[in-house]
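Structure assessment
Listed below are the residues making up each chain.
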Amino acid sequence: MTYSSLCIGVRNTLRGRGISGAELEARLIVCAAAGIDADTYYRCLGQTVPDRTMNRCEELLGRRLSGEPVAYITGKWEFFGLELIVDRRVLIPRIDTEILAEEAIRLAAPGVRILDMCCGSGCVGIAAAVNLPGSRAVLADISREALSVAGENIALLGLEDKVSTALADSLGEYDPSLGKFDMIVCNPPYIRTDEAPRLDASVKDYEPGIALFGGADGLDHYRSICSNWTGALFPGGYILFECGAGQARSVEQIMRENGLKVKSTVKDTSGVERVAVGQK
Ligand code: GLN
């Protein structure tokens, strides 16, 4: 069997299960099974697939059909044009979160110092740092496991001279040893606890709960960061939050209650107010 026909077979199986994006997922699974990148795959389309790749592909497809997200199967995911390492220790970066990174890049002054709170894979802070010459970023998270992944991504992209990791609790107090920043970017866990039963199984059963849930109303981290962590900002510094659908007004209210100026909100491609921007 050729790579091309293997890929079509995998695609058809995924489609048959109603998986959207079956075409892309099929290619990612075949590439992961063969241990090749997309460029190599397109050059090998007509070649015969070795038996061990066929077996590996069947195994990976089985995991996908049991509900595991393709990003955890391949161990990588693209965010803001960067290929990042992801696994079950971190949330899979979402396309909507690119808007948070984009807004951070737009607002940043030269030499900006960024604190990425609840960094997970590090996707937001890393995307900003890569696109802002002269910038520095600290990627902070309460999860040591997430910080290991963020550290692997820093090394993968050779960013050791401008990006570092730090253990920090967004529900706790600001740790002054982290220094001061011009900007905090944060995509906190914001799902309401009572929404858990309605979540897709690929999220609920695979992604880390600590990265998903933000308390009874989903707003615990916004409240704590706005009251405990603004000491990390220089006067005039920006704070940029990703918000869940329908949360932007509440997040703005929390910013105001904590003496922050509400600057703007930015909509995602579906028209949801996704990013709320405040200023100290
Ligand atoms: N900052 C990471 C992301 O945007 C992780 C967010 C989280 O763990 N809530 O994907």
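Residue numbering note: each chain is counted from 1, following its sequence as written. At least 70 in pLDDT is required for a residue's local features to be given in this predicted model, at least 80 for side-chain atom pairs to be given and counted, and no such filter applies to totals for whole chains, interfaces and linings, which use all residues. Only hydrogens and water are set aside; all other atoms, that is, all heavy atoms of the structure, feed into the side-chain values.

Put simply, a residue is near a molecule or strand once any heavy atom of it comes within 4 Å of that molecule or strand. Neighbouring the ligand are Leu91, Pro93, Thr97, Cys118, Cys119, Gly120, Cys123, Val124, Asn187, Pro188, Pro189 and Ala211. In protein, a polar contact requires one atom able to donate a hydrogen and another able to accept it; more generally it is a pair of N or O atoms within 3.5 Å, and residues adjacent in sequence count only if both atoms are side-chain atoms. Cys119 has a polar backbone atom sitting 3.2 Å from a nitrogen atom of the ligand. Note on areas: these come from Shrake-Rupley sampling with a 1.4 Å probe, and a residue is covered only by the protein chains present in the view. Bound to the protein, the ligand loses 97% of the 300 Å² it would expose on its own. Looking at the shell around the ligand residue by residue, the classes come out as 9 nonpolar, 3 polar and no charged. Polarity classes work like this: nonpolar for Ala, Val, Leu, Ile, Met, Phe, Trp, Tyr, Cys and Pro, charged for Asp, Glu, Lys and Arg, and polar for all others, with Gly in that last group.

A separate point is the packing of helix α1 (residues 3-16) against helix α2 (residues 22-34). Here, axes are lines fitted to C-alpha atoms. For helices the fit covers the stretch in contact, and angles between N-to-C directions go from 0 to 180 degrees. Segments assigned H or I by DSSP are reported as helices when at least four residues long, segments assigned E as strands when at least two residues long, and all are numbered from the N terminus. The interhelical angle for the contact between α1 and α2, taken along N-to-C directions, is 130°, at an axis separation of 8 Å. Here α1 lies oblique to α2, going by the angle between them. α2 is crossed by α1, and the crossing has right-handed handedness. Contact residues: Tyr3, Leu6, Cys7, Val10, Arg11, Leu14 and Arg15 in α1; Ala22, Glu23, Glu25, Ala26, Arg27, Ile29, Val30 and Ala34 in α2. Residue composition of the contact of α1 with α2, grouped by class: 10 nonpolar, no polar and 5 charged. Note on terminology: angles under 35 degrees are roughly parallel, angles over 145 are roughly antiparallel, angles of 65 to 115 are roughly perpendicular, and the others are oblique. Two helices cross in a left-handed way if the nearer one is turned anticlockwise from the farther one by less than a right angle. They cross in a right-handed way if the turn is clockwise. Residues are treated as being in contact if the distance between any of their heavy atoms lies within 4.5 Å.

Between side chains of opposite charge, a pair can form when the charged atoms approach closely. Whenever Lys or Arg places a side-chain nitrogen within 4 Å of a carboxyl oxygen from Asp or Glu, that contact is recorded as a salt bridge. The tally for this structure, following the rule as stated, stands at 15 salt bridges. Its salt-bridge partner being Glu23, residue Arg15 comes within 3.5 Å of it at the nearest N-O pair. You can call Arg15 partly exposed: its relative accessible area is 45%. We note a salt bridge from Arg89 to Glu152, for which the minimum N-O separation is 3.2 Å. Think of it in three bands: with a 1.4 Å probe and only protein chains considered, a residue is buried below 20% of the maximum accessible area for its type, exposed above 50%, and partly exposed in between.

In this section: the nonpolar core. Counting residues in hydrophobic clusters, the biggest one holds 34 residues, and the most contacted among them are Leu115, Met117, Tyr222, Trp229, Phe241 and Val251. Contributing elements (two or more residues each) for this core: β3 (113-117), β4 (136-141), β6 (181-186), α11 (220-228), β7 (233-242) and α12 (248-257). Top element by residues in this core is α12. It accounts for 4 residues. What makes a nonpolar core is a set of buried Ala, Val, Leu, Ile, Met, Phe, Trp, Tyr and Cys residues whose side-chain atoms join them at distances within 4.5 Å.

Packing of α11 against α12 leaves a shortest axis separation of 9 Å and a crossing angle of 20°. Judged on the interaxial angle alone, α12 and α11 are roughly parallel. The chirality of how α11 crosses α12 is right-handed. Mapping the contact onto sequence places Tyr222, Arg223 and Cys226 in α11 and Val251, Ile254 and Met255 in α12. A class-by-class count of the residues in the contact of α11 with α12 yields 5 nonpolar, no polar and 1 charged.

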